[in-house]
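Residue strings, one per chain:
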Amino acid sequence: MELSRRSFIKKTAVAGSVAVAAPTIIPSKVFGANDRINAAVLGVNGRGKSHIKSLMAQDNVNLAILCDPDMNLLKERQKSFKETYNKDVALEQDLRRVMDNKDIDVVSIASPNHWHALSVIWACQAGKDVYVEKPGSHNIWEGRKMVEAAQKYDRIVQHGVQLRSSPAVREAIGLIRDGYIGNVYMARGLVFRWRGDIGDQGFSPVPDGIDYDLWTGPAPKRPFTKNLVHYNWHWHWDYGNGDVGNQGIHETDLCMWGLDVGLPSKITSMGGKFLWDDCKEVPEVLTSVYKYPDEGKIIQFEVRPWCTNTEDDVTVGNIFYGDKGILVVDGYDKYKTYLGKDRTPGKSGSDGGESGTGMDRGAGGTDGHFANFIEAVRKHDKTILNGPVETAHLSSGLAHLGNIAYRLDRVLTFNPKSETFVNDPEADAMLTRNYREGYEVPEIV
């Protein structure tokens, strides 16, 4: 039988020790400027590699553990870590052992989407601070539980939307707030990525070294297939959220940040698979519209996977529309403005370098976002976080609402205060999921 973290701690307690009925809560540390912070990375296939690099770029941070259900992958990362940094790093397949390790102060989470919220909750319960990749949640209900856990256990939780740490993007948001392009009534998010045919590899035996039950975690357990492990889980509903819930979280977050709005009350979304007969379940092409009647604002969101035009030379980014002009954010680190009917070029800014290349760089990027996180951890001050846990819930929630509208193929009415749909039990059922035994997101965190 699968073990929850709570039962796992009981069953792995040292003989003769007292088994606790709940996770051990570690008192909050107040780090001094020179105190070493011990870190672990959960999930080391994709973004986890950037987490390793960025944690190693921080002052007096010791990356102590790499954790992943795939031991083969762990050994590869351990070898490259030794070659790159001339240091040893411990390996662990089971994240519950990491949570139970009192020497670990912070965890960064780069596992598949279906693991994000539960990992954050377990980490908060264990007294650890957390950096979690986008999307913060796999569904809206568990996103709210993640926020509740961070608040209850007074933990620092940073969401991996690194453009929030870009000086240029922060400058752009300041211009919007100051009325530079006038009354801003609409934001448009763009995700035009080259996503090809992934085929269908069918079922196969679980490879040696992979703990597939642990990889599956809270999600339904399907027969093993390389269609899921390690990357293409993004395109299957039980594990991922499509590209609006992948790359798109950066843009949903920026749309909401720029418009200064939360979750919407009207949502519609249409799209489909028009290009390939592969095993993807999510739409390749998706157009979503989110309306805020009370605020007089609207968000449009476009996902395109293949040959396309650009919009003001942007393929991944945001456009804000005001009554005096528009502001265009290109990638993670650059913006420009056009004013009036003649589209007169206005203010612009960049973190430096070629547009869209700042994902892991310097002042902004992943390095800068981790620096902001580590500073907040040292000061134990969540108010200085650039991407606090609430943004993880809301920006992910916007994507989830669009996906629900797409899957139900109708306009939905949502109550942002209760975070439920209005008189729509069918849609409400899609706000959460049935969790596997031992991996339940708790009602009371």
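As a reminder, the structure under discussion sits directly above these lines.
This one's a predicted model, so the numbers in the text were calculated from it and none came from an experiment. The numbers attached to residues start from 1 for each chain and follow its sequence in the written order. At least 70 in pLDDT is required for a residue's local features to be given in this predicted model, at least 80 for side-chain atom pairs to be given and counted, and no such filter applies to totals for whole chains, interfaces and linings, which use all residues. The side-chain numbers reported here are obtained from all heavy atoms of the structure, hydrogens and water having been left aside.

Caption draft 1: The environment of D428, seen in detail. By definition, any uninterrupted DSSP run of H or I lasting at least four residues is a helix, any uninterrupted run of E lasting at least two residues is a strand, and each is numbered from the N terminus. Along the chain, D428 falls in helix α12 (residues 425-428). Along the backbone, D428 and K334 are 94 residues apart, and their C-alpha atoms lie at a distance of 38 Å. We call two residues in contact whenever any of their non-hydrogen atoms come within 4.5 Å of each other. Apart from the residues within four sequence positions on either side, D428 is in contact with T420 and F421. Among the polar contacts made by the side chain of D428, one reaches the main-chain amide nitrogen of F421 at a distance of 2.8 Å. Pairing of N or O atoms within 3.5 Å defines a polar contact, subject to two protein rules: one partner must be a possible hydrogen donor and the other a possible acceptor, and residues neighboring in sequence count only if both atoms are side-chain atoms.

Caption draft 2: Layout of the packing of helix α2 (residues 47-56) against helix α10 (residues 365-379). Where α2 contacts α10, the axes come no closer than 9 Å and their chain directions differ by 60°. Considering their axes alone, α2 and α10 lie oblique with respect to each other. Crossing geometry of α2 relative to α10 is assigned as right-handed. Seen from α2, the contacting residues are R47, S50, H51, K53, S54 and L55; seen from α10, they are T366, D367 and F370. In terms of residue class, the contact of α2 with α10 is built from two nonpolar, four polar and three charged. Each axis is a line fitted through C-alpha atoms, taken for helices only over the stretch in contact, and angles between the N-to-C directions span 0 to 180 degrees. Here the angle decides the label: under 35 degrees means roughly parallel, over 145 means roughly antiparallel, 65 to 115 means roughly perpendicular, and every other value means oblique. For a crossing to be left-handed, the near helix must be turned anticlockwise from the far one by less than a right angle; the clockwise case is right-handed. Note on residue classes: Ala, Val, Leu, Ile, Met, Phe, Trp, Tyr, Cys and Pro are nonpolar, Asp, Glu, Lys and Arg are charged, and everything else, Gly too, is polar.

Caption draft 3: Highlighting the pairing of strand β11 (residues 316-322). Burial analysis of β11 places seven of its seven residues in the buried class, which makes it a mostly covered element. Whether two strands pair comes down to DSSP finding at least two bridges between them. The pairing of strand β7 (residues 184-192) with β11 spans seven bridges and is classified as antiparallel. Bridge pairing in β11 places R188 opposite I319. Alignment of β11 against strand β12 (residues 325-330), held across five bridges, turns out to be antiparallel. Relative accessibility decides the category of a residue: with a 1.4 Å probe and only protein chains considered, values under 20% of the type maximum give buried, values over 50% give exposed, and everything between is partly exposed.

Caption draft 4: Just the sheet that holds strand β5 (residues 129-132), in detail. Reading across the sheet, the six strands line up as β3-β2-β1-β4-β5-β6 and stay open at both edges, with parallel pairing between neighbours. With one partner strand each, in any of the chains shown, β3 (90-92) and β6 (157-159) form the two edges of the open sheet. Strand-to-strand twist in this sheet, taken as the mean axis angle between neighbours without regard to direction, amounts to 20°. Taken together, the three bridges between β5 and β6 define a ladder with parallel strand orientation. Bridge assignment links V130 to a residue of β6, and that residue is V157.

Caption draft 5: Quick look at the pairing of strand β8 (residues 266-272). Here β8 pairs with strand β9 (residues 285-292) via seven bridges, running antiparallel. Among the inter-strand pairings, S269 is bridged to a residue of β9, identified as S288.

Caption draft 6: How the structure looks around the packing of helix α6 (residues 140-152) against helix α11 (residues 389-408). Running from amino to carboxyl end, α6 crosses α11 at an angle of 175°, the nearest separation of the two axes being 9 Å. Put simply, α6 runs roughly antiparallel to α11. Together, I140, G143, R144, M146, V147, A150 and Q151 of α6 and V389, E390, A392, H393, G397, H400 and L401 of α11 make up the contact between the two elements.

Caption draft 7: Local environment of the sheet that holds strand β10 (residues 297-304). If you walk across this open sheet you meet the ten strands as β14-β13-β12-β11-β7-β10-β9-β8-β15-β16, and the pairing is mixed. Each of the sheet's edge strands pairs with one partner strand only, and the pair in question is β14 (344-350) and β16 (420-421). Two strands pair when backbone bridges link them, and strand β13 (residues 334-339) and β14 are joined in this way by five bridges, in the antiparallel orientation. Within β14, the residue paired with K336 across the bridge is S348.

Caption draft 8: The packing of aromatic side chains, seen in detail. Note on ring pairs: Phe, Tyr and Trp rings are taken, using the six-membered ring of Trp, and paired if centres are within 6.5 Å. Classes follow the plane angle, with under 30 degrees stacked, over 60 edge-to-face and the rest tilted. For the structure shown, the criterion picks out 14 aromatic pairs. Arranged with centres 5.9 Å apart and planes meeting at 70°, the rings of Y131 and F373 form a pair that is edge-to-face. Here Y131, found in strand β5, pairs with F373, found in helix α10; they are 242 residues apart in sequence, far enough to count as distant. Judged by its relative accessible area of 1%, F373 falls in the buried class. For the pair F414 and F421, a centre-to-centre distance of 5.1 Å together with 70° between the ring planes defines the contact as edge-to-face. Taken as a pair, F414 and F421 share a single burial class, namely buried. Grouped by ring-pair contacts, the aromatic residues Y212, W215, F224 and Y239 constitute a single cluster. For a ring to carry a charge above it, either NZ of a lysine or CZ of an arginine must fall within 6 Å of the ring centroid while also lying within 35 degrees of the normal to the ring plane. Over the ring of W257 we find R164; its NZ or CZ atom is 4.4 Å from the centre of that ring. Over the face of the ring belonging to Y338 we find R343, whose NZ or CZ atom lies 4.3 Å from the ring centre.

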